[in-house]
Amino acid sequence: MNKTLSGADVVSLPDDPYSDENLTDPYPLFERMRSSGPAVWLEKYGVLAFSRYDECREILDDYRTFISGAGVGPKNLHDNPPWRPQGILELDPPIHTAMRTAMSGVISPRGVRSLRTSFEAFAEELVDDVLAKAEIDGVADLAEIFPIRVFGDAVGIPREGREKNLLLHGAMNFSAFGPENDRHQLYFEKGAGTHEWVMEMTSRENLAPGGLGQQIWDFADRGEISADQAPLLVRAMLSAGLDTTIFSIGNTLVALASEPSQWEALHADPRLVKFAIDEALRFESPFQSFYRTTSSDTSFRGINLPAATKVLLFVGSANRDTAHWGPDAAQFRLDRQAAGHLAFGMGIHQCVGQPISRLEMEVLFTALARRVKSIELTEQPVPLLHNTLRGWESIPVRLIPA
Ligand code: OVM
């Protein structure tokens, strides 16, 4: 069926990308969406969705036409109240620019270099622990423990309360970028109270000297950002930096455990870890979808879009687009050039935390690659269903020491 939008005919689909079935395996629907044209109309949500690489990338690069300030979820925050004050993710230049400068000043590749030693020490400790056990859960015993410890310490928040609050908060936060269905409701119920805890952690008194959080406050002290913006930036670290990295670690682990030849290659040459990380981010993107909003009347691929139109971008689909990645896009390959994937987004809002997330993954997987000869899934991993995040609830694995 077609939907006639002013300017063009667009294929209209009745499918729900947020059904359990499609969240469990989104790729068949993504493929149908991509083959239906540059955009599809999702009837159930009354929204135009983009799922090809080129369109997603062009929209993300054009931050003037496709803004974030009206929210990157389905709700237009210019007309509806946000569930919390809008932060760096949902602001446009010029305010965004000042906040971004502070954030990238604190999380520059140089700035995070000093974190490596402590990350490595904890990775070694963790690998000792998991190798001492016959079987482990790759989620609870690796993917969650590592970032909660090292990233929490890097930001400088107290250790007490992290497990209880940060993951529920992340799942709630990322739910706001998808539809308000039962699953959204559930994550908001489970996350009750965690936003307050996170905001308490952003205050100067709760942030350790020299940590990333306190360095954000230094920018406020120098007048480069306001005292209202500092807690929003620390909040961004605590809400965007955990779940994403945790799911990345889990997704990388499953990809590698499912392809024994790829782990073998990694074990033989741990310098390949960097490539494994980007390929895994492309292959199973932790943050699957979000929105932009048109700032004025515009036309894109011949489709007329009035001002304030929401568009839905499936970056998890763009990262599997055979038109960009080639016919084997659905295969995990260490030897692929995965650079340019959209898992971290693109353009002025592209993930500013990348250097830390990459460092965490690099350090952990390098320790594993050196000391683990092979990885076997002992049971099927259990998927975690979430409207915008893609990852695993549990990953039962056996690690064979080298
Ligand atoms: C926030 C925030 C900032 C950036 C990303 C994000 C993807 C959240 O302000 O809490 O989630």
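The present account deals with the structure reproduced in this document. (Residues numbered from 1 in each chain as written. Predicted model: local features only at pLDDT ≥ 70, side-chain atom pairs only at ≥ 80, totals over all residues. Heavy atoms only, no water.)

1. Things to note about the packing of helix α10 (residues 194-201) against helix α12 (residues 229-240)
- The contact between α10 and α12 brings their axes to 9 Å, and the two run at 120°. Judged by the angle between their axes, α10 and α12 are oblique. Here α10 runs over α12; the crossing is right-handed. Seen from α10, the contacting residues are His-195, Val-198, Met-199 and Met-201; seen from α12, they are Pro-231, Arg-235 and Leu-238. (Axes fitted to C-alpha atoms, helices over the stretch in contact; angles between N-to-C directions. Helix = DSSP H or I, 4+ residues; strand = E, 2+ residues; numbered from the N terminus. Parallel < 35°, antiparallel > 145°, perpendicular 65-115°, else oblique. Left-handed = near helix turned anticlockwise from the far one by under 90°. Contact = heavy atoms within 4.5 Å.)

2. Description of the sheet that holds strand β5 (residues 66-67)
- In spatial order, the strands read β1-β2-β3-β4-β10-β7-β5; together these seven strands make up an open sheet with mixed pairing. Strands with a single pairing partner mark the edges of an open sheet, and in this sheet they are β1 (2-5) and β5.
- In this fold helix α2 (residues 27-35) packs onto β2 (8-13), β3 (40-42), β4 (47-50) and β10 (310-314), with an angle of close to 160° to the strand it touches most, β2.
- Of the strands in this sheet, β4, β5, β7 (289-294) and β10 touch helix α3 (residues 53-61), which is tilted by about 125° from β10. (Pairing = 2+ DSSP bridges.)

3. With respect to the packing of aromatic side chains
- By the definition in use, this model includes 14 aromatic pairs.
- Ring centres of Trp-83 and Phe-188 lie 5.2 Å apart, and the angle between their planes is 85°; on these two criteria the pair is classed as edge-to-face. Here the residue Trp-83 occupies a position in the loop between β5 and α4 (95-106), and Phe-188 occupies one in helix α9 (residues 182-190), the gap between them amounting to 105 residues.
- The exposure class assigned to Trp-83 is partly exposed, which follows from its relative accessible area of 33%.
- Arranged with centres 5.7 Å apart and planes meeting at 65°, the rings of Phe-283 and Phe-332 form a pair that is edge-to-face. Placement of Phe-283 in helix α15 (residues 273-283) and of Phe-332 in the loop between α17 (322-325) and α18 (354-371) is noted, with a sequence separation of 49 residues between them. An identical accessibility class is assigned to Phe-283 and Phe-332; each is buried.
- Following the ring pairs from residue to residue traces out a cluster consisting of Phe-174, Phe-177, Phe-287 and Phe-290. (Phe/Tyr/Trp six-rings, centres within 6.5 Å; stacked < 30°, edge-to-face > 60°. Buried < 20%, exposed > 50% of the residue type's maximum accessible area, 1.4 Å probe, protein only.)

4. Observations concerning the pattern of salt bridges
- For the structure on display, the rule yields 25 salt bridges.
- For the salt bridge of Glu-55 with Arg-301, the shortest nitrogen-to-oxygen distance reads 2.7 Å. Note that Glu-55 is positioned in helix α3 and Arg-301 in the loop between β8 (298-300) and β9 (303-305), a separation of 246 residues in sequence.
- Across the pair Arg-271 and Asp-269 runs a salt bridge, and its minimum N-O distance is 3.0 Å.
- Through salt bridges with shared partners, a single network forms among Glu-279, Arg-282, Asp-328, Arg-333, Asp-335 and Arg-336. (Salt bridge = Lys/Arg side-chain N within 4 Å of Asp/Glu carboxyl O.)

5. Structural notes on the site of the ligand
- Taken together, Arg-84, Leu-89, Asn-173, Phe-174, Phe-177, Arg-235, Ala-236, Ser-239 and Ala-240 are the residues near the ligand.
- Within the side chain of Arg-84, a nitrogen or oxygen atom sits 2.8 Å from an oxygen atom of the ligand.
- Here an oxygen atom of the ligand and a side-chain polar atom of Arg-235 are 3.0 Å apart.
- When the free accessible area of the ligand is taken as 300 Å², the share hidden by the protein chains comes to 92%. (Near = heavy atom within 4 Å. Polar contact = N/O pair within 3.5 Å; in protein donor to acceptor, adjacent residues only side chain to side chain. Areas by Shrake-Rupley, 256 points an atom, 1.4 Å probe, with all protein chains shown as cover.)

6. Some remarks on the pairing of β7
- Among the six residues of β7, six are classified as buried, and the element is accordingly described as predominantly covered.
- With burial as the criterion, each face of β7 is covered, one bearing Ser-289, Tyr-291 and Thr-293 and the other bearing Phe-290, Arg-292 and Thr-294.
- Where β5 meets β7, two bridges bridge the pair, whose relative direction is antiparallel. Paired with Phe-66 across the two strands is Thr-294, which belongs to β7.
- Across five bridges, β7 lies against β10 in antiparallel orientation. When the bridges of β10 are listed, Ser-289 appears paired with Phe-314.

7. Things to note about the sheet that holds strand β11 (residues 372-377)
- One open sheet accounts for three strands, arranged β6-β14-β11; its pairing is antiparallel. Only two strands of the sheet have a single neighbouring strand rather than two, namely β6 (136-137) and β11.
- Note: β11 against strand β14 (residues 396-401), five bridges, orientation antiparallel. Within β14, the position partnered with Glu-376 by the bridge is Arg-398.

8. Quick word on unusual backbone geometry
- In this chain, Pro-93 is followed by Pro-94 through a cis amide linkage whose omega measures 5°.
- Within the fold, Pro-94 resides in the loop between β5 and α4.
- Although it is not a glycine, Arg-301 adopts a positive phi angle of roughly 55°.
- Given the relative accessible area of 34%, Arg-301 is considered partly exposed.

9. Quick notes on the environment of Ser-175
- Assignment of secondary structure puts Ser-175 in helix α8 (residues 162-175).
- C-alpha separation for the pair Ser-175 and Asn-387, spaced 212 residues apart in sequence, amounts to 6.1 Å.
- Ignoring anything within four residues of it in the chain, the contact list for Ser-175 reads His-184, Tyr-187, Phe-188 and His-386.

10. What about the side chain of Thr-194?
- Its location among the elements puts Thr-194 in helix α10.
- On the basis of relative accessibility, which here comes to 2%, the residue Thr-194 falls in the buried class.
- Every residue in contact with Thr-194, bar those within four places of it in the chain, is listed here: Lys-164, Asn-165, Leu-168, His-169 and Met-172.

11. Remarks on the packing of α15 against α18
- Interaxial distance between α15 and α18 falls to 9 Å at its minimum, and their mutual angle equals 120°. Relative to α18, the element α15 is oriented oblique. For the pair α15 and α18, the sense of crossing is right-handed. When α15 is examined against α18, the residues Val-273, Lys-274, Ile-277, Asp-278 and Leu-281 are found in contact with a partner set consisting of Arg-358, Met-361, Glu-362, Phe-365, Thr-366 and Ala-369.

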